[in-house]
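Given next are the chains, with one letter for each unit.
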Amino acid sequence: KIIKENNLEFDSDFICGEDYKFNIDYFDKIKNAKFINEFLYVYVANPNSITHDIRNFDFFNIVKIIDYNKEMYLRNGYPLANLYYRNIMALRDGIASNIIAQKKYKKVREYINKCIEYPSIQEIVNRKYKIQKEEKIIYFFIKHKMKRIIYFYLIFRNKIKSILKKIKS
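Residues numbered from 1 in each chain as written. Predicted model: local features only at pLDDT ≥ 70, side-chain atom pairs only at ≥ 80, totals over all residues. Heavy atoms only, no water.

S.K.: I'd like a rundown of the overall build of the chain, residues and numbers included.
M.R.: Check the secondary structure of the chain and you find eight helices and zero strands. Helices and strands in the chain line up, N terminus first, as α-α-α-α-α-α-α-α. For the chain, the spread of C-alpha atoms along the three principal axes comes to 50 × 40 × 30 Å. Out of the 169 residues belonging to the chain, those deemed buried represent 34%. Long-range contacts, defined here as pairs at least 24 residues apart, represent 62% of the contacts in the chain between residues at least 6 apart. As presented, the chain carries roughly 12100 Å² of accessible surface, and 56% of it is formed by carbon and sulfur atoms. Each charge class in the chain was averaged separately, 33 positive and 19 negative side chains, and the resulting centres sit 9 Å apart. (Helix = DSSP H or I, 4+ residues; strand = E, 2+ residues; numbered from the N terminus. Buried < 20%, exposed > 50% of the residue type's maximum accessible area, 1.4 Å probe, protein only. Contact = heavy atoms within 4.5 Å. Areas by Shrake-Rupley, 256 points an atom, 1.4 Å probe, with all protein chains shown as cover. Lys, Arg positive; Asp, Glu negative; His and termini not counted. Charge placed at Lys NZ, Arg CZ, Asp CG, Glu CD.)

Written as structure tokens, this is what we have:
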């Protein structure tokens, strides 16, 4: 009933997080909710799905849903710290996937520059809030616009993750 009355549907403008946006829109329309300790939402992880395509980890695709979510947070008086964390992690993952896809420092450097100049990122680095260990590292590099360090840090991080995957398998 809520879905039909409010014309809620998956938004094709969102490459990443369209299901998350749908849930945000839905929760924004309900008057109350009840927690049930059961698995009712099934997410199937398909290694061949569009979700696993490296191009979908572009910062500008990911940050779109975060910025949308921010509007709802502000409207309802929720603390923004979690969104700040998600922005920084989206930036980290977007740059890391761009490094893998581009393999050319000049293009990646331009991408890093666009990412760190993004308004949400600039808002974050100019605020004080409690941050986690890995976030502190990337946060410091972003705040001081250390593009080359960001690049090499993420290359190193990608290599470590790759080594750990091989060790686990």
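Read on for the rest.
S.K.: Give me the packing of aromatic side chains: which residues, what numbers.
M.R.: Overall, the coordinates contain eleven aromatic pairs when judged by the stated rule. Ring centres of F141 and Y153 lie 5.7 Å apart, and the angle between their planes is 65°; this geometry places the pair in the edge-to-face category. One end of the pair, F141, is in helix α7 (residues 133-143); the other, Y153, is in helix α8 (residues 147-168), and twelve residues separate them in sequence. Judged on exposure class, the residue F141 and its partner Y153 are both buried. Relative to F152, the ring of Y151 has its centre 5.1 Å away and its plane inclined at 80°; by these criteria the two rings are edge-to-face. For Y151, a relative accessible area of 10% gives the class buried. Ring pairs connect the aromatic residues F59, F60, Y111 and Y118, which therefore count as one cluster. (Phe/Tyr/Trp six-rings, centres within 6.5 Å; stacked < 30°, edge-to-face > 60°.)

S.K.: Could you give an account of helix α2 (residues 18-29), naming the residues involved and the relevant values?
M.R.: Given a rise of 1.5 Å per residue, twelve residues ought to cover 16 Å, and the 17 Å separating the end C-alpha atoms of α2 matches this to within 8%. In this structure, the buried residues of α2 make contact with α1 (2-5) and α3 (59-76). (Expected span 1.5 Å × (residues − 1).)

S.K.: If you had to explain α3 to someone new, which residues and values would you point to?
M.R.: The end-to-end C-alpha distance of α3 is 26 Å, a good match for the 26 Å that 18 residues give at a rise of 1.5 Å each. Residues of α3 that are buried sit in contact with α2, α4 (81-102), α5 (105-116) and α6 (119-125). With its phi angle positive at about 75°, G77 sits one or two positions after the end of α3.

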